[in-house]
Amino acid sequence: MDSQALRLFLSLADNLHFGKTSREQHVSPSALSRSIKQLEDELGAPLFLRDNRSVRLTREGQQFRQYAQDVMNGWQAIRQTFKQDQQVLHGELSLYCSVTASYSFLYDILSSFRQNYPRIEMKLHTGDPAKAVERVQQELEDLAIGARPDSLPADVAFQPIARSELRFIGPQSPQLLSEEQLRQPSAESWKDVPLILSEEGLARTRTDRWLKSHNIKPRIYAQVSGNEAIVSMVSLGFGIGVVPQIVLDNSPLTARIRLYDIQPSLTAYDIGLFALHRRLKDPLIAAFWNRQT
C-alpha cells in the first residue's frame, strides 16, 4: 500500500466513475483498476460494487475511505513539517567584537536574530577591535564588529551600526593637562604629557594624525591592546588616553576619569559589521547581514 494507491482510491470514492478518475489522476483505466484490485486483495474485502452502469462503495469501502483520508491528511502534514524544517536555517556562525561592542550592540542584534533563527548557534569571540577586518579577511570569523577604516579593503563589506566620537581622557586626579595645554596644544606644551595609546587601529591612526598636525612628538607611556585597558590605566593616573565615546558609555570607571574638550577634536568614526563580500551568499551570513533589529 502506498500514497499513490490511496490517492486513486479516494478520487474514485469521490467520483464513483472509473473514466473520470483515470483522467483526473492521469493514469490509464487499466492501471486504476489494477491499483484498486491490489488494495482489495491486501485488505481481503471488496471496496467497490461495480457493474456496467454504476460504481458505489461497499460498507468496507466506506470504512476504508475514512482511514485513507486520515492517512493522507497525516501524510501531507508530515511532508509539510519536513519541508518547513528543511527551510529553517541551522548551523554555526562566529562573530568577533570588542568587550565594549558586546555590551553596546549585541543584545539588540542577537535578541531579534535569535527569535527569527533559533537554530543558528552563535560563537562569540572578543578581543581588540583593531583586529576585526583582519580576522574576517583571514576567515577566522564569519562576521566582526569594529570601526570602519579610512580605506576599506575591496573584498570586505561593511554595514554601519553606530557612530562614535573619539575622546581625550585623563584621570580625575591628578590634573595632567592645564588650561593652556588644552587651549593651545603644541610641541612645547605637550612634550612631557604621558600618553596611553592603542597599539594599532583607527583610534591610533587618528591620534597620530592629530599629534602630527600640532607638531607634537608624543611621550608615550604605554601602548596597549583594547580600549578598556586604556580607560583603566588612565583612571589610575598613568597618563592621557584616547578612546571612543561608546567605551566610556559602558565603562565602570567613568566616574574616575575626566573628558578633555580639545579643539579641533578628533574625527568621529563609524562602527559596524564586517563580512567578506563573497560570503554574503552564504545563507547563515546572509540571514545575519539582512536581519531586522
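Since this is a predicted model, take the numbers as computed values, not measurements.

It is worth spelling out the packing of aromatic side chains at this point. Under the defined criterion, the tally for this structure stands at 10 aromatic pairs. A ring pair is formed by Phe 158 and Phe 274, whose centres lie 5.2 Å apart and whose planes are at 45°; its orientation type is tilted. Here Phe 274 lies in strand β12 (residues 269-276) and Phe 158 lies in strand β6 (residues 156-164), a separation of 116 residues in the sequence. Classification of Phe 158 by relative accessible area gives buried; the value is 18%. Taking 5.4 Å as the distance between ring centres and 55° as the angle between the ring planes, the aromatic pair formed by Trp 190 and Trp 210 counts as tilted. Taken together, the positions of Trp 190 in the loop between α8 (179-183) and β8 (194-198) and Trp 210 in helix α9 (residues 202-213) put the pair 20 residues apart, joining distant regions of the chain.

Tracing the chain through its elements places Ser 251 in the loop between α11 (245-250) and β11 (257-260). There is a polar contact of 3.1 Å between the side chain of Ser 251 and the backbone nitrogen of Leu 253.

Our focus in this paragraph is the nonpolar core. Buried together is how nonpolar side chains tend to be arranged in soluble globular proteins. Core analysis: the biggest nonpolar cluster contains 53 residues, and Leu 143, Ile 145, Phe 168 and Trp 190 have the highest contact counts within it. The leading source of residues in this core is helix α12 (residues 283-289), at 5 residues. If we skip the residues at most four places from it in the chain, Phe 168 touches Trp 190, Trp 210, Ile 240, Gly 241, Val 242, Arg 258, Leu 259, Tyr 260, Ile 262 and Leu 266. If you look at the next biggest cluster of nonpolar residues, it comprises 18 residues, including Phe 9, Ala 13, Leu 32 and Leu 39.

Attention now moves to the sheet that holds strand β10 (residues 240-244). Spatially, β9-β8-β10-β7-β11 is the arrangement adopted by the 5 strands of the open sheet, whose pairing is mixed. Each end of this open sheet is capped by a strand with a single partner; those strands are β9 (219-224) and β11. With strand direction ignored, the average angle separating the axes of adjacent strands in the sheet is 35°. Relative to β11, strand β7 (residues 166-171) is paired through 4 bridges, and the arrangement is antiparallel. Considered in β11, the bridge of Gly 170 is made with Arg 258. Packed on one face of the sheet, α9 meets β7, β8, β9 and β10 and runs near 145° to β8. Along the sheet face, helix α10 (residues 227-235) touches β7, β8, β9, β10 and β11 and points at about 145° away from the line of β10.

This part covers the pattern of salt bridges. Considering all chains together, one arrives at 15 salt bridges under this definition. One salt bridge connects Asp 208 with Arg 204, and the closest N-O pair in it is separated by 3.0 Å. Of this pair, Asp 208 and Arg 204 both sit in helix α9, 4 residues apart, roughly one helical turn. According to the relative accessible area criterion, Asp 208 is partly exposed, its value standing at 34%. What makes Arg 204 buried here is its relative accessible area of 12%. Through salt bridges that share partners, Asp 142, Arg 279 and Asp 282 make up one connected network.

The next subject is a nonpolar patch on the surface. There is a patch of nonpolar side chains on the surface, built from Tyr 221, Leu 236 and Phe 238 and spanning about 310 Å² of accessible area. Positionally, Leu 236 belongs in the loop between α10 and β10. On the basis of relative accessible area, Leu 236 is assigned to the exposed category, the value being 57%.

About the cut-offs
Residues numbered from 1 in each chain as written. Predicted model: local features only at pLDDT ≥ 70, side-chain atom pairs only at ≥ 80, totals over all residues. Heavy atoms only, no water. Phe/Tyr/Trp six-rings, centres within 6.5 Å; stacked < 30°, edge-to-face > 60°. Helix = DSSP H or I, 4+ residues; strand = E, 2+ residues; numbered from the N terminus. Buried < 20%, exposed > 50% of the residue type's maximum accessible area, 1.4 Å probe, protein only. Polar contact = N/O pair within 3.5 Å; in protein donor to acceptor, adjacent residues only side chain to side chain. Core = buried A, V, L, I, M, F, W, Y, C linked by side-chain atoms within 4.5 Å. Contact = heavy atoms within 4.5 Å. Pairing = 2+ DSSP bridges. Axes fitted to C-alpha atoms, helices over the stretch in contact; angles between N-to-C directions. Salt bridge = Lys/Arg side-chain N within 4 Å of Asp/Glu carboxyl O. Patch = residues over 30% accessible without salt bridge, like charges linked within 9 Å, V, L, I, M, F, W, Y side chains within 5 Å. Areas by Shrake-Rupley, 256 points an atom, 1.4 Å probe, with all protein chains shown as cover.

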